[in-house]
Amino acid sequence: MAEARTGVPDAAVIGAGMVGVCCALRLQQAGLDVVLIDRDAPGRGASSGNAGNFATWGVLPLNAPGLIWQVPGMLASATGPLAIKWRGVPALTPWLIRFLQSCAPDRVAASTAALAALLARSTDATMPLIEAAGARDLIFGDGVLNLYPAARHARAADAQNAVKRAHGINVRDLSRDDALALEPNLAPVFHSASLYEDGFSFRDPRALVERLAVLFVSSGGRVEQAAVTDVSRATPERMRVTTDGGVIEAGRVVVAAGAWSRRVPGAVPDRIPLDTERGYHVEFPGGGNLLTRSVGWAETGFYMTPMAGGLRVAGTVELGGLDAPPTRRRIDMLARGARHVLPMLGEPKGEWLGFRPSLPDALPVIGPSPSEPGIVYAFGHQHLGMTLAGITGEIVAALMTGRTPPVDVAPFRPDRF
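The rules behind these values
- Residues numbered from 1 in each chain as written.
- Predicted model: local features only at pLDDT ≥ 70, side-chain atom pairs only at ≥ 80, totals over all residues.
- Heavy atoms only, no water.
- Pairing = 2+ DSSP bridges.
- Helix = DSSP H or I, 4+ residues; strand = E, 2+ residues; numbered from the N terminus.
- Axes fitted to C-alpha atoms, helices over the stretch in contact; angles between N-to-C directions.
- Phe/Tyr/Trp six-rings, centres within 6.5 Å; stacked < 30°, edge-to-face > 60°.
- Lys NZ or Arg CZ within 6 Å of the ring centre and 35° of its normal.
- Contact = heavy atoms within 4.5 Å.
- Buried < 20%, exposed > 50% of the residue type's maximum accessible area, 1.4 Å probe, protein only.
- Expected span 1.5 Å × (residues − 1).
- Parallel < 35°, antiparallel > 145°, perpendicular 65-115°, else oblique.
- Nonpolar A, V, L, I, M, F, W, Y, C, P; charged D, E, K, R; others polar.

Student: Which parts of the structure should I look at to understand the sheet that holds strand 11 (residues 228-235)?
Tutor: The pairing of strands in a sheet comes from backbone hydrogen bonds and takes either a parallel or an antiparallel form. Reading across the sheet, the three strands line up as 11-12-13 and stay open at both edges, with antiparallel pairing between neighbours. The open sheet is flanked by strand 11 and strand 13 (246-250), the only strands paired with a single partner. Between one strand axis and the next, the sheet turns through 25 degrees on average, direction left out of account.

In structure tokens:
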């Protein structure tokens, strides 16, 4: 085990989710002394409750041409794949306007190309970290299956899958019988399916982040569990991070606090329009042996993933901020939808609401603050945080050590808004 260095660290990373831990590891591997700061233990935020998929196929942004005409339905329905909480509309309106502007075909194409560039390198960027952390046993699944309830869903998926194939995603079209041969416990209540052949899943996303954090500490890193109350410049060479446990000075600061990044005082200006995609899950403790891979239900946008604790049913997108209470109908919808596809399921025993950080153009912010070069941003990965964490860490490490990033970072620059 390496010993932690003494003195002022080169970098302080705020946020100990998958993105923050991967940034800390890559900075450490680049030769920097790093401290990782979070109010919670590593992996306890959105990284702990997601569907567990390494979604290399996720090149299509949430934005889509013509989505503006669906907004009334999003306001009227609490159970659709994309919904908006009424009480959150006033605060969300500026974000929604930018989101709808980003639904223009040329902007959707640009976001798709930018996401594809990150995703093309995501596996190669993340697997070495997983191997080094001794976490390969958490990986399972021979592809990820997506089910289409009716012919109209399959037709819509045909167009989407054509775009994915154009960006190098391996997608195989399956009949209902093909899908049932792969997963015989599914009820024959769907029309057809697709198999994302390169996709895989994690048996325990929180355990993955925890093992990566153990690797970071064993390699000389330091974890401080404390709430950040202010970020400011201490000297021309140092930044100051004030926490409820004391003051930490570092050469530079990386903000990787996910949906909470704008609530880090002094770190993120209001002009960066970060909001949250609220995601839910329910868990069926006895259902983990019913599937051999993660299976999605296209109509309502959830995935059923067998995990260490049972079958997790997770997904959907609800726009409504960080403070609103959970929507009971969305939780019930997940349980009801899972039992429709897997009728042998009993009652769920656990439920969860988490917050995915989202920018209106569906792209993360990765790069130095326009107003304070001592701060580097790495947040806004929406539902792709687990998948894009490794490549984000590589980009951040390159930017902070004067090397050329592995992808063009222009689409992710913080001053694009």
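Student: Sorry if this is basic, but what is going on with the packing of aromatic side chains here?
Tutor: Between two aromatic rings, the relevant description is the distance of the centres plus the angle of the planes. Enumeration over the complete set of coordinates arrives at eight aromatic pairs. Put simply, the rings of Phe54, Phe200 and Phe202 pair up and form one aromatic cluster. Positioned above the aromatic ring of tryptophan 260, the side-chain terminus of arginine 39 is 4.4 Å from the ring centre.

Student: What's the story with the sheet that holds strand 1 (residues 11-14) in this structure? I'm lost.
Tutor: The sheet built from six strands is open, its strands ordered 10-2-1-14-21-20 with mixed pairing. If you trace the sheet from one side to the other, it starts and ends with strand 10 (222-225) and strand 20 (365-368), each paired once. The average undirected angle you get between the axes of adjacent strands in this sheet is 20 degrees. Against the sheet, helix 1 (residues 18-29) makes contact with strand 1, strand 2 (34-38), strand 14 (252-255) and strand 21 (375-379), and its axis sits at roughly 170 degrees relative to strand 2, the strand it touches most.

Student: Can you walk me through the pairing of strand 21 in this structure?
Tutor: Successive side chains on a regular strand alternate, one facing one side of the sheet and the next facing the other. Of all five residues making up strand 21, five are buried, and the element is well covered by its neighbours. Taking every second residue as pointing to the same face, both faces of strand 21 are buried, with Ile375, Tyr377 and Phe379 on one and Val376 and Ala378 on the other. Note: strand 14 against strand 21, three bridges, orientation parallel. Its bridge partner being in strand 21, valine 253 is matched across the sheet by isoleucine 375. The loop that links strand 20 with its antiparallel partner strand 21 comprises six residues.

Student: Quick question: what am I supposed to make of helix 1 here?
Tutor: Because each turn of an α-helix spans 3.6 residues, side chains separated by three or four positions in sequence point in the same direction. Here helix 1 contains 12 residues, and its C-alpha end-to-end distance of 16 Å stays within 8% of the 16 Å for a straight helix at 1.5 Å per residue. Buried residues dominate helix 1, accounting for 11 of its 12 residues. Among the residues making up helix 1, those that are buried are Met18, Val19, Gly20, Val21, Cys22, Cys23, Ala24, Leu25, Arg26, Leu27 and Gln28. In the stretch just after helix 1, glycine 31 is the one whose phi turns positive, near 100 degrees.

Student: Sorry if this is basic, but what is going on with the packing of helix 6 (residues 122-132) against helix 11 (residues 385-400) here?
Tutor: What describes two packed helices is the angle between their axes and the distance between those same axes. Where helix 6 contacts helix 11, the two axes come as close as 7 Å, and the packing angle between them is 85 degrees. For the element pair helix 6 / helix 11, the angle class is roughly perpendicular. In this structure, helix 6 contributes Ser122, Ala125 and Thr126 to the contact, and helix 11 contributes Thr387, Gly390, Ile391 and Glu394. Residue composition of the contact of helix 6 with helix 11, grouped by class: two nonpolar, four polar and one charged.

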